[in-house]
Amino acid sequence: MRTTVGIIGAGPAGLLLARLLRGAGIDTVVLEARDRAYVEQRQRAGILEQGTVDALRAAGAGARMDREGLRHDGIELRFDRRRHRVDFPALTGGRSVMVYAQTEVCKDLIALQLAEGGPLLFGAEALAVEDADTGRPRVRFRHRGREDVLECDYVAGCDGFRGVSRTAVPAGVAQVFERTYPFAWLGILADVPPSHHELVYARHDRGFALLSMRTPSVSRLYLQVPEGTKPEEWSDADIWRELERRFETDDDWTLRRGPVTRKSVTSMRSHVHEPMRYGRLFLAGDAAHIVPPTGAKGLNLAVGDVVTLARALAHEKETGSAALLDAYSATCLRRVWQAERFSHDMTGLLHRAPDATPFEDRLQLARLERLTTSRAAETDLAEAYTGFPLD
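Residues numbered from 1 in each chain as written. Predicted model: local features only at pLDDT ≥ 70, side-chain atom pairs only at ≥ 80, totals over all residues. Heavy atoms only, no water.

Student: What is the right way to look at the domain arrangement of the protein chain in this model?
Tutor: In many reports, interface size means the accessible area that the parts give up when they come together. Structurally, the protein chain comprises domain 1 (2-71 + 99-178 + 269-348) and domain 2 (180-267 + 352-386). On a C-alpha basis, the centroid separation for the pair domain 1 and domain 2 is 29 Å. Counting residues at the interface gives 27 residues for domain 1 and 20 residues for domain 2. Where domain 1 abuts domain 2, roughly 1900 Å² becomes buried across the two surfaces, and 60% of that area is made up of carbon and sulfur atoms. When the area that domain 1 buries against domain 2 is broken down by residue, the three leading residues are Q43, R269 and P293, summing to 23%. Our enumeration of links across domain 1 and domain 2 arrives at one salt bridge. For the salt bridge of D380 with R341, the shortest nitrogen-to-oxygen distance reads 3.8 Å. Summed over the shared surface of domain 1 and domain 2, the result is seven residue pairs in polar contact (both at pLDDT 80 or more). Broken down by element, the residue count for the side of domain 1 that touches domain 2 peaks at seven residues, all from helix α11 (residues 328-350). Residue composition of the side of domain 1 that touches domain 2, grouped by class: 10 nonpolar, 11 polar and six charged. (Domains from an automatic or database assignment. Contact = heavy atoms within 4.5 Å. Buried area = accessible area lost by both parts, 1.4 Å probe. Salt bridge = Lys/Arg side-chain N within 4 Å of Asp/Glu carboxyl O. Polar contact = N/O pair within 3.5 Å; in protein donor to acceptor, adjacent residues only side chain to side chain. Helix = DSSP H or I, 4+ residues; strand = E, 2+ residues; numbered from the N terminus. Nonpolar A, V, L, I, M, F, W, Y, C, P; charged D, E, K, R; others polar.)

So this is what it looks like as structure tokens:
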């Protein structure tokens with residue numbers, strides 16, 4: 001099998017890249033280790049930056065998002081029993097975010113790829129990326145019980161942290177920067193309308209809490225818990241009681257309760273793999289970087305990567321110049337490190353470390369006071385949260 005760009009991974013990064021390259025007249029084959037049902041049910045991020053929303057619309061994948069997604073023009077910061085709203089459009093010249101789950105993005109892009117795009121092979125496990133530093137890279141994969149080879153001009157590694165793409169970069173070439181955090185998020189999905197119309201980020205002496213949503217009738221909520229916590233260690237009643245404590249305010253706001261349909265625990269870490277290119281292998285998304293979820297950057301960074309890569313490949317096709325391809329890693333990493341910085345700052349601002357001192361607690365409150373009284377500080381948060389322009 002042969003194609004121009006072999007794409008490993010049918011998450012939002014790989015699928016959007018295939019869609020963008022189709023628009024540029026560049027052939028692709030997408031290999032996905034899991035089956036379609038798994039990809040379309042995999043629960044992941046649900047906050048889309050303005051640039052991601054614009055990219056999906058430009059790719060012809062925004063119709064259902066615009067019908068069913070929930071536009072949010074702000075978030076609420078909650079601390080010391082007080083509430084403060086950050087108004088995104090007022091601070092950023094009109095930018096906002098969209099609540100639309102990654103599962104739904106994948107469904108939309110899969111339907112488009114199967115109807116209009118190149119081959120999308122589910123159950124095709126990539127085994128190795130070979131000859132990435134030559135002009136004829138290859139992807140060995142297993143599909144329907146037999147091994148095959150995909151020959152390409154370029155390989156896009158969109159297969160996540162545990163995929164084969166990242167490990168194809170020689171150890172002597174790669175440099176890794178990472179940090180792990182001593183806490184995690186216990187997340188629930190609940191069949192109850194959200195208790196607030198926008199996301200609520202709460203800093204509390206007992207730990208962080210986040211009120212989010214998937215739809216107007218389904219809430220998504222999170223609690224900071226110690227690293228290593230198992231979901232079954234928390235009963236539904238204990239989760240609701242703890243959420244109420246951490247969201248408490250001095251006004252009459254109340255938290256709506258409902259049946260919990262899913263529980264999970266998410267570890268917190270920061271990770272950057274440099275460079276994001278090796279020969280004709282280009283890493284994108286979690287294969288190259290991971291952020292703690294506090295800043296809602298993971299999916300959006302992946303979109304930024306593939307928009308940059310698609311432009312570079314289209315430029316090479318149109319002009320014969322590899323200048324944008326050569327700049328791919330440096331271009332993406334500038335955005336990646338700003339997202340890492342923002343996500344780390346938000347995590348430190350809102351979470352209570354297990355060994356936090358009273359001095360550190362007061363510093364957190366002072367930083368939150370600064371955010372709520374300084375338009376400059378508030379603008380910096382709003383610009384980073386809604387995302388810097390992809391161009």
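Moving on from the coordinates now.
Student: Just checking my understanding: could you explain the sheet that holds strand β9 (residues 124-130) for this structure?
Tutor: Two strands in a sheet stick together by hydrogen bonds in their backbones, pointing the same way (parallel) or opposite ways (antiparallel). In spatial order, the strands read β9-β10-β11; together these three strands make up an open sheet with antiparallel pairing. In this open sheet, the two strands that pair with only one neighbour each are β9 and β11 (146-151). Here the average twist between neighbouring strands, direction ignored, is 25°. Pairing analysis gives six bridges linking strand β10 (residues 138-143) to β11, with the strands arranged antiparallel. Paired with R138 across the two strands is E151, which belongs to β11. (Pairing = 2+ DSSP bridges. Axes fitted to C-alpha atoms, helices over the stretch in contact; angles between N-to-C directions.)

Student: What is the right way to look at the packing of helix α1 (residues 12-23) against helix α9 (residues 298-319) in this model?
Tutor: The relative placement of two packed helices comes down to the angle between their axes together with the axis-to-axis distance. Running from N to C, α1 and α9 cross one another at 30°; their axes reach a closest spacing of 9 Å. In terms of orientation, α1 lies roughly parallel with respect to α9. Relative to α9, α1 is oriented so that their crossing is right-handed. Contacts between α1 and α9 involve P12, A13, L16, L17, L20 and L21 on the former and, on the latter, L299, A302, V303, V306, V307, L309, A310 and L313. Here the contact of α1 with α9 is built from residues that sort into 14 nonpolar, no polar and no charged. (Parallel < 35°, antiparallel > 145°, perpendicular 65-115°, else oblique. Left-handed = near helix turned anticlockwise from the far one by under 90°.)

Student: Teacher, can you tell me more about unusual backbone geometry here?
Tutor: If a residue is not glycine, its phi is most likely negative; likewise, a peptide bond is most likely trans. The omega torsion across E274 and P275 is -5°, close enough to zero to call that bond cis. A positive phi is found at D80, a non-glycine position, where the angle reads about 50°. Within the secondary structure layout, D80 lies in the loop between β5 (74-79) and β6 (82-87). Backbone geometry places R144, a non-glycine residue, at a positive phi of 55°. Its place among the elements puts R144 in the loop between β10 and β11.

Student: What is the right way to look at the packing of aromatic side chains in this model?
Tutor: Within a pair of aromatic rings, the relevant descriptors are the distance that separates the centres and the angle that separates the planes. The full count for this structure, using the stated rule, is 11 aromatic pairs. With 6.0 Å between their ring centres and 35° between their planes, Y181 and F183 make a pair best called tilted. Among the residues examined, F183 registers a relative accessible area of 6% and is labelled buried. The structure contains a cluster of three or more aromatic residues connected by ring pairs, namely F88, W185, Y201, F208, Y222, F342 and Y385. We note R166 situated over the ring of F161; from NZ or CZ to the ring centre the distance is 4.1 Å. Of note, K297 hangs over the ring of Y385, and the distance from its end group to the ring centre comes to 5.9 Å. (Phe/Tyr/Trp six-rings, centres within 6.5 Å; stacked < 30°, edge-to-face > 60°. Buried < 20%, exposed > 50% of the residue type's maximum accessible area, 1.4 Å probe, protein only. Lys NZ or Arg CZ within 6 Å of the ring centre and 35° of its normal.)

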